[in-house]
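# Commentary on secondary and tertiary structure
Here's the letter readout for the chains.
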There are 2 protein chains.
Amino acid sequence: VEFARIERIAALARRLPPPDAGEVLLGIGDDAAVVDVGGVPSVLCVDALVDGVHFRRDLSSPADVGWKAVAVNVSDVAAVGGTAVAAVVALHRPRDLPEADVDALYEGMAEAAAAYGLALVGGDTVTSPTLAVTVAVLGRAGPRTVTRSGARPGDVVVVAGALGAAAAALHAVGAGRTPDPAHLAAHRRPRALPATGRALAASGATAVVDVSDGLGADAGHLARGGGVDLRLDADLVAAAAADGVRAVGEGWLDLVLGGGEDQALLATVPPDRVSVAAAAVAAAGEADLRVLGRVVEAEGAEPAVWLDAPPDAGRGGPAAHGRGRRVDHLGYDHG
Amino acid sequence: VEFARIERIAALARRLPPPDAGEVLLGIGDDAAVVDVGGVPSVLCVDALVDGVHFRRDLSSPADVGWKAVAVNVSDVAAVGGTAVAAVVALHRPRDLPEADVDALYEGMAEAAAAYGLALVGGDTVTSPTLAVTVAVLGRAGPRTVTRSGARPGDVVVVAGALGAAAAALHAVGAGRTPDPAHLAAHRRPRALPATGRALAASGATAVVDVSDGLGADAGHLARGGGVDLRLDADLVAAAAADGVRAVGEGWLDLVLGGGEDQALLATVPPDRVSVAAAAVAAAGEADLRVLGRVVEAEGAEPAVWLDAPPDAGRGGPAAHGRGRRVDHLGYDHG
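Because the structure is predicted, anything quoted here is derived from the model rather than measured. (Residues numbered from 1 in each chain as written. Chains lettered and ligands numbered in written order. Predicted model: local features only at pLDDT ≥ 70, side-chain atom pairs only at ≥ 80, totals over all residues. Heavy atoms only, no water.)

## Looking at the overall build of chain A
Selection rule: A run of DSSP states H or I qualifies as a helix once it reaches four residues; a run of E qualifies as a strand once it reaches two. Both are numbered from the N-terminal end. Contacts were defined at the residue level, with two residues in contact if any of their heavy atoms lie within 4.5 Å. All accessible-area figures derive from a Shrake-Rupley calculation using a 1.4 Å probe, and residue coverage is judged against the displayed protein chains alone.
If you tally the helices and strands in chain A, you get 10 helices and 13 strands. Nonlocal contacts in chain A, meaning residues at least 24 apart in sequence, comprise 81% of its contacts between residues at least 6 apart. For chain A, the exposed surface amounts to about 12,200 Å²; the carbon and sulfur share of it is 52%.

The structure is reproduced here in structure tokens:
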């Protein structure tokens, strides 16, 4: 649904006259937009967190929600290789939300703003039956902007950041178990990887997306963006799981593939740039870079993401297309 | 409530380390923020429209709501003298909202974007029980940024744009009458005054605010921002009413003073710049500039806005403070 709408909006945008005051360098359909403002490429993005959809008030404190509303935007800016500079917030406030909770929300936003070096510069509080926090972030584009659309056959698929922790926490809660504290922390206070995003851009990554909907779904964005297939190796994907996710038991790999909220950065890198990228990401000091697979020509009419399981994975043998399981439909649909 | 929170957030922001990547030129508490991004002053603002709070689905079409979500942000950018360049949207979508309504919302946003020369560059659709449209706009600051805080004793209070039309429409609907079509249009499709904002800034306006909460409340922002009193002349305020608002009958002046949604620009201008400002605003071609009153030293402990009624206004003679009626509490509290 979301992808189809993005296509329609993009078609609509193409019908419109170009803007008077700036040039759109990267528009609808990416993690963040890049717009020329007075000769400087600026990054702009927005993300909304809605009570009961993106957070639960019994699992996240108001300060956690404030933190997360900023961090998910910093992650979007990181994906295009930019640096977040300033944030504004629209707080949708139910009338019965205590004043202390509002203050705590702002405190959480301020903590994240301080952690990521951006300024909280304003916003709007509106009454709403549904608590929601919408944050928009303005950033400075890096010397090289990386989109979702540059993956080419031959590129290596890499990821920075562990996968599945937040999903494992929600899975445990759903099953009536106490979640691993580290997993719960990943859900409550996701960590964006801004220096990693800049390192990937500087290292020649051909495409980057932040893993917010789930590895499968977000890899699907890179596949469709580049008109290519991504083939992920199941063992390599398993190795990218956050500590303790395997302990969930059956279904743990689906948490890694479709859990979402990881705020990891998934990228494609030319083969001769992988070691450079790994060193640059290591130097950024936020996460390790792991190889997950490779980019190939699209096999079918539709670009897709395949998980190639080793022969002993017990998944019932070769699937209809090639020898893997198609995973780009896996992911949490926030839309 | 909102003003107290702004003060707390500002206090919080002062405790935080300065941002790494940009300099905040105008922060929390104004219509829009101005941030230095790579040497270029950029404008950033966000506004949320919530179903049942800022619009009613029986009065506004989805396309109207989309238009308005963009226009109110353009008005915020205009108030600081900037030019809107790009917009991103967070659409909070109830599961039962038809796909056609979502498309119409985006069409309305695209219409407003085209009308005001900005680009719709992306966004996020999230599921929510409550329909809301949150738009953030990035703009280019003008050569001179005007805040809410520069009003000085001796300045003249002026307004560009007619007042009370949207409020008159809602008043009529509330009373079970058919609203004036022009008033309903003002509620559904407010017109921002971007060229007027730039003209006011270029003419030396000392302070500007967009009239979104109501003339009284927004004049109150200028009073508190400057630490001054504003004295408005009731006859001059009456003359700034939109056509047909008087026809509402008793209470019509309160619609002008407290109705909100006018998207007019209220400004203070040094006396020797009023004719220059009037000519520049006329040349901008969007609205006439009208004098409403003047700025004086604050009389009491708290800066305030007074409506000085002529002797025959039948308002019961002099009020407690000075000879006018205090009106800065009048306005629609969206918060």
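From this point, things continue past the structure.
## Some points on the environment of Val88(A)
To be explicit about the condition: Between buried and exposed lies partly exposed: a residue is buried under 20% and exposed over 50% of the maximum accessible area for its type, with that area taken using a 1.4 Å probe on protein chains only.
Structurally, the position occupied by Val88(A) is in strand β4 (residues 83-93). Judged by its relative accessible area of 2%, Val88(A) is buried. As for Val88(A) and Tyr116(A), which are separated by 28 residues in sequence, their C-alpha atoms are 14 Å apart. Excluding anything up to four places from it in sequence, Val88(A) contacts Val121(A), Gly122(A), Thr134(A), Val135(A), Ala136(A), Leu44(B), Cys45(B) and Val46(B).

## Section: the packing of aromatic side chains
Residue and element names in this part refer to chain A. Short version of the rule: When the centres of two rings from Phe, Tyr and Trp lie within 6.5 Å, Trp using its six-membered ring, the rings pair. Their planes under 30 degrees apart give stacked, over 60 give edge-to-face, and anything left gives tilted.
Across all of its chains, the model carries 2 aromatic pairs over all chains by this definition. Pairing tryptophan 67 with tyrosine 116 gives two aromatic rings, centres 5.8 Å apart and planes at 55°, and the pair type is tilted. Within this pair, whereas tryptophan 67 is found in helix α2 (residues 62-79), its partner tyrosine 116 is found in the loop between α3 (99-115) and β5 (119-127), the two being separated by 49 residues in sequence. Under the relative-accessibility criterion, tryptophan 67 is labelled buried at 4%.

## Observations regarding the sheet that holds strand β8 (residues 207-211) of chain B
Residues and elements named next belong to chain B. Where we set the bar: Any two strands with at least two DSSP-identified bridges between them are counted as paired. All axes are obtained by fitting lines to C-alpha atoms, using only the stretch in contact for helices, and the reported angles, taken between N-to-C directions, cover 0 to 180 degrees.
A sheet is described by the order of its strands in space; here 7 strands give the open sequence β8-β10-β7-β11-β9-β12-β13, paired in mixed fashion. The two strands at the open ends of the sheet, each matched to only one other strand, are β8 and β13 (325-326). When strand β12 (residues 305-308) meets β13, the two strands line up antiparallel, connected through 2 bridges. The residue bridging tryptophan 306 from the neighbouring strand is arginine 326, located in β13. Strands in contact with helix α2 (residues 62-79) are β8 and β10 (264-269); relative to β8, the strand with the most contacts, it is inclined by about 170°. Sitting on the sheet, helix α7 (residues 215-226) touches β8, β9 (228-233), β10, β11 (289-297) and β12, and the angle it makes with β8 is about 155°.

## Points about the environment of Gly197(A)
Residue and element names in this part refer to chain A. Its place among the elements puts glycine 197 in helix α6 (residues 194-202). C-alpha of glycine 197 to C-alpha of glycine 82: the two residues are 115 residues apart in sequence and 7.4 Å apart in space. Among all residues touching glycine 197, those that are not within four sequence positions of it are Ala78, Gly81 and Leu265.

## Re the pairing of β8(B)
Residues and elements named next belong to chain B. Most of β8 is tucked away, with 5 of its 5 residues classed as buried. Both β8 and β10 contribute to a ladder of 5 bridges, which runs antiparallel. In the sheet register, valine 208 faces β10, and the bridge partner there is alanine 267.

## Comments concerning the pattern of salt bridges
All names here are of chain A. Our working definition: What makes a salt bridge here is a side-chain nitrogen of Lys or Arg within 4 Å of a carboxyl oxygen of Asp or Glu, nothing more.
Scanning the entire structure with this criterion turns up 26 salt bridges over all chains. Ionic pairing is found between aspartate 64 and arginine 189, a salt bridge with its closest N-O pair at 2.8 Å. Within this pair, whereas aspartate 64 is found in helix α2, its partner arginine 189 is found in the loop between α5 (181-188) and α6, the two being separated by 125 residues in sequence. By the burial criterion, aspartate 64 is buried, and arginine 189 matches it. Shared partners join several salt bridges into a network, and the residues in it are Asp64, Glu111, Arg188 and Arg189.

## Re the side chain of Thr268(B)
All names here are of chain B. Put simply, the rule is: A 3.5 Å cut-off defines polar contacts: any pair of N or O atoms within that distance qualifies, except that in protein one atom must be a possible hydrogen donor and the other a possible acceptor, and neighbouring residues in sequence count only when both atoms are side-chain atoms.
Turning to its location among the elements, threonine 268 is positioned in strand β10. For threonine 268, a relative accessible area of 0% translates into the label buried. Polar contacts involving the side chain of threonine 268 include one to the side chain of threonine 206, which spans 2.6 Å. Setting aside anything within four residues of it in sequence, one finds threonine 268 in contact with Ala151, Asp155, Val156, Val157, Ala205, Thr206, Ala207, Leu222 and Val295.

## Looking at α2(A)
An α-helical turn contains 3.6 residues, so a residue and the one three or four places further along point in the same direction. Residues and elements named next belong to chain A. Heads up, the rule is: Helices are assigned an expected span. That span is 1.5 Å times one less than the residue count.
In a regular helix each residue adds 1.5 Å, so 18 residues correspond to 26 Å; α2 covers 26 Å between its end C-alpha atoms and thus fits that length. In terms of burial, α2 is a largely internal element, 17 of the 18 residues being buried. Glycine 81 sits one or two residues past α2 and shows a positive phi near 90°.

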